[in-house]
Each structure stands twice: as structure tokens, then as C-alpha cells.
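The lines below spell out each chain.
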Amino acid sequence: MAVIRVELAGRGYDVQVGNGLLDDAGSLAKGFIRKDRVAAVADRNSHAAHGERLETALGATGVGVDWFIAEAGEGAKSWAVLEKLIDWLLERGIERGDHIFALGGGVVGDLTGFAAAVLKRGCGFVQIPTTLLAQVDSSVGGKTAINTSAGKNLVGAFHQPALVLADTATLDTLPPREMGAGYAEVIKYGILGDADFFEWCEANGAKVTARDPEALQYAVTQSVKAKARIVAEDERETTGKRALLNLGHTFGHALEAETGFSDILLHGEAVALGMVLAARYSARQDYISLDDAARVTAAIDKAGLRSEIASLGMDCSGADLAAHMLHDKKMDAGTLPFILLSGIGAAFVDKQVDMADIAAFLSEQLQAH
Ligand code: GLY
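What counts, and at which threshold
Residues numbered from 1 in each chain as written. Predicted model: local features only at pLDDT ≥ 70, side-chain atom pairs only at ≥ 80, totals over all residues. Heavy atoms only, no water. Phe/Tyr/Trp six-rings, centres within 6.5 Å; stacked < 30°, edge-to-face > 60°. Helix = DSSP H or I, 4+ residues; strand = E, 2+ residues; numbered from the N terminus. Buried < 20%, exposed > 50% of the residue type's maximum accessible area, 1.4 Å probe, protein only. Near = heavy atom within 4 Å. Polar contact = N/O pair within 3.5 Å; in protein donor to acceptor, adjacent residues only side chain to side chain. Nonpolar A, V, L, I, M, F, W, Y, C, P; charged D, E, K, R; others polar. Core = buried A, V, L, I, M, F, W, Y, C linked by side-chain atoms within 4.5 Å.

Turning next to the packing of aromatic side chains. Evaluated as defined, the whole model comprises 8 aromatic pairs. With a centroid separation of 6.2 Å and an interplanar angle of 55°, the aromatic rings of Phe 197 and Tyr 218 are classed as tilted. Of this pair, Phe 197 sits in helix α7 (residues 195-209) while Tyr 218 sits in helix α8 (residues 213-233); the two residues are 21 residues apart in sequence, bridging distant segments of the chain. Residue Phe 197 is classed as buried on the basis of its relative accessible area, which comes to 3%.

Here the focus is the site of the ligand. In the region of the ligand, the neighbouring residues are Asp 137, Lys 143, Lys 227, Glu 237, Arg 242 and Leu 245. In the model, an oxygen atom of the ligand is placed 2.9 Å from a nitrogen or oxygen of the Lys 143 side chain. A distance of 2.5 Å is found between an oxygen atom of the ligand and a side-chain nitrogen or oxygen belonging to Lys 227. A class-by-class count of the residues in the shell around the ligand yields 1 nonpolar, no polar and 5 charged.

Attention now goes to unusual backbone geometry. Leaving glycine out, the prevailing phi sign among residues is negative, and the prevailing peptide bond configuration is trans. Even without a glycine there, the phi angle at Arg 121 is positive, about 65°. Within the secondary structure, Arg 121 is located in the loop between α4 (106-118) and β6 (124-129). On the basis of relative accessibility, which here comes to 76%, the residue Arg 121 falls in the exposed class. One non-glycine residue, Arg 211, lies in the positive phi region at around 65°. Within the element layout of this structure, Arg 211 appears in the loop between α7 and α8.

Let's shift gears to the nonpolar core. With 80 residues, the main nonpolar core has Val 15, Leu 132, Ile 187, Phe 251, Ile 309, Leu 321 and Leu 362 as its most contacted residues. If you tally residues by element for this core, the top one is helix α10 (residues 267-284), at 11 residues.

Now the structure itself:
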């Protein structure tokens, strides 16, 4: 088991990563349980797959679980579900010093975290992420949010969890496609800031997506270490450091928008394509070599992820894709910051990107390969 500390003055917390640690949740989380019952949030899938294990683990320390179970999918990140959840928590007499448990993927974590952020002006929560993407990204760092009709994650708060328990054994039941989508966020840490880890991913990516326990433990631990370091330096994304985590996201967002935020492209799959585009655009600007861009593409390919936007068969132009980007919530004073590469393991924020050039580049990519 690995314990990674997210160092934040007065709000620091541990992220524990290990195979099977959900079974020890009672003792691992006991510092965050004050009553004989806890409120836990899951979706139908995470509850069916892991709810009983959490009940047994907490039951072993004399603690019962009351469940709020949401429908699976992004629809749960809504005002309506948030209102239901908050009413349910208030009915249960939740107090500021209590901790709500979130068992599930990013949707459950974001919804629960946001409820915890606003309930009684902020109560505690414990993240138990059960998808690879949530373990390596969304459960760590305190970004919480719901969606609105105007877009995704537009209403939210920075609210750090008190503890994160990432049990890699929960990934055993994750559909292969979601493993791949989560792996895109793993490889992201290598591409943006750690050339050695990228090299490790090139050699071991297939083991990670095949759920080899040792490879998974290493991949999740390294990813969480990288994220913890960045969050400690720039918790609220104000210095540009945390913005590097958006590598692949601006291009990816345009692809998700064009495909209607649907099952055609999972978020991690869009990020994978977005990282290929960011690398190729960086090469086009002579910031990196074509060989480095090809290495990024090959690593994404090798993980079984789509690496060519032409293969999506979208009926759109580069300008259409660029237009989606202008609705990106990262727009800042009329400019859109892009995360580009000056090398493998060296990402930077470029605020001077010419959107007409991006549109031309995307048109080439839509035709290519
Ligand atoms: N997922 C990006 C971040 O946490 O900042």
C-alpha cells in the first residue's frame, strides 16, 4: 500500500492506494467517523459492485451505512439530484463535523463533494473512487461540480476531501473501455511532466489496462503523486501549474462537444485524442520533434485508444471544432489557453494560440490518415 500526502496548509489529506484496502475501510477511515452510522453516496453500478464490501468493512468496526443511490451517468450531476441529496443529508441530521462517503467514479465524487462543500457551509467527505479515472484524477485535488444546461462542471467549488481510499481491486469489475479511458489520464502525467514515467507507460501500458496488480499499483501511485504535487503548488488553478493537468482537454472538449457528450467518446478517450492533437500541434509549431509527437501517438495507440480524429467519422470542419473550443470554461479574457509541449515530460501554457491556425490544423487532422 502507498500513502501519498496532499500537502495543503490546514487541509492536507492522505490518498491511500492499495489492492483490497476497501476491506479495511473501517479502520482506515475511523478518524472520520463520529457516529454509529455514516451517509454514503453511490450510483447503481458502484453500489451493486462494491456497496456490500463497504458495509462489511465499516460493520466490522460497529458502523452502519445509509445509502443515497443515484442513477449511473452524468445525469446525476444535476441541480435536481443535488437537491435530493442535500435534503436527504439534512433529514439524516448531518452535521458540519460529519463526513459523507462517496463510493464510485467521478460523477459520484463530484456530486458528493459539491454537496459536502455547500452543506452547512462545508462538511467533510471521504472519497472511495472505483474507476481508474477517478483514482488517478478526479478524487484528488478537490474539484467538485455539477453540470447545468449551459455546460459541464459550470457550478462547483474547490472542496478537498478528508481522505481518499483508492482500492485498485475495485477496478477488476470496470469495463475494459473505461480502463482505457482512465489510462489516458495516467499517461497524461508522463507526457506533461515526467519523461521517465512516460517511458514506463510505453513499456507497461498494456499491463495497466490488463489490470496487472503491480503495474496498476505503480501507475495509480505515480499518478496520484504527480497530481498531489501539482495541487499542493496551485490548489485553485491560479498560477498556471494546475492548468497543465488540462493537457489534451481543450482539443478533447471540442471532440466531446461535436459528438454530443455521448457514448461515442468517453471523456478519457477524448483526452487521449486531445493529447495526440496537442503533441502534433506542438510539432507543427516546432516546439517538439515529429518523432516525439509520434511517440505520444504510439503510446495512445498501444493502449488500444483511438489516436486519429478522422476515425470518428465526424461530419464537421476544423472551424466547427475550433468554434466549440470558444465555449470552453477555460476561456480567459477572450483568449483560450492551450497546453502544449516543449518536450516529452515538459508541458507549458500557451496563451497566444491563433484560433484560425488551430482550425486549419484540425481540418488537416480530419483529412489525415
Ligand atoms: N482534472 C484536472 C484537475 O483536477 O485540475
